[in-house]
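Next come the chains, spelled out residue by residue.
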Amino acid sequence: MSSGEPTDDEVVQTASDAAEGYVFSQYKQSDVRDLDVTVTFEDGILEVDVYLNAPDEVDGPDPEQVADDAALTARQAVDELFEDAA
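Report on the accompanying structure. (Residues numbered from 1 in each chain as written. Predicted model: local features only at pLDDT ≥ 70, side-chain atom pairs only at ≥ 80, totals over all residues. Heavy atoms only, no water.)

## As for the nonpolar core
Then, in step 1: Core analysis: the biggest nonpolar cluster contains 21 residues, and A15, V23, Y27, L46, V48, V50 and L52 have the highest contact counts within it.
Then, in step 2: When residues of this core are traced back to their parent elements, those giving at least two are α1 (8–26), β1 (34–42), β2 (45–53) and α2 (63–85).
Then, in step 3: Among the elements that make up this core, the one with the highest residue count is α2 (7 residues).
Then, in step 4: If we ignore the near neighbours within four places in the chain, the residues touching V48 are A15, T38, V39, A71, A74 and R75. (Core = buried A, V, L, I, M, F, W, Y, C linked by side-chain atoms within 4.5 Å. Buried < 20%, exposed > 50% of the residue type's maximum accessible area, 1.4 Å probe, protein only. Helix = DSSP H or I, 4+ residues; strand = E, 2+ residues; numbered from the N terminus. Contact = heavy atoms within 4.5 Å.)

If you want it as structure tokens, here you go:
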């Protein structure tokens, strides 16, 4: 990576990849009916929204919690991206 701050595109891609990776670490890809990860990074503000439609089974992960955790994972990945660039 070049020196300096990550580009907006790098930030968005990092967040998106991290969120999707987290979801698919919790569910098999074939079990996910719909996944929408929306990431914006403007003026230094990161927004991550994760919509997940997956089975809500008694002994499986809670889809709402997985979506929330995926968004947090995305934010953490971006934090690490900036730390690595410093």
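Moving on from the model shown.
## Overview of the packing of aromatic side chains
Aromatic ring pairs are described here by two measures, namely the spacing of the ring centres and the angle between the planes.
Then, in step 1: Using the criterion set out here, one finds 1 aromatic pair in the structure.
Then, in step 2: Between the aromatic rings of F41 and F82, the centroid separation amounts to 6.0 Å while the plane-to-plane angle is 45°, which identifies the pairing as tilted. Taken together, the residues F41 in strand β1 and F82 in helix α2 connect sequence positions 41 residues apart.
Then, in step 3: For F41, a relative accessible area of 12% gives the class buried. (Phe/Tyr/Trp six-rings, centres within 6.5 Å; stacked < 30°, edge-to-face > 60°.)

## Observations concerning the pairing of β2
Then, in step 1: Because side chains alternate across β2, one face comprises the buried residues L46, V48, V50 and L52, and the other comprises I45, E47, D49, Y51 and N53, none of which is buried.
Then, in step 2: Looking at chain direction, β1 and β2 are connected through 9 bridges and run antiparallel. Across the sheet, residue E42 finds its bridge partner in β2, namely I45.
Then, in step 3: Connecting β1 to the next strand, β2, in antiparallel fashion are 2 residues, including D43 with a positive phi near 55°. (Pairing = 2+ DSSP bridges.)

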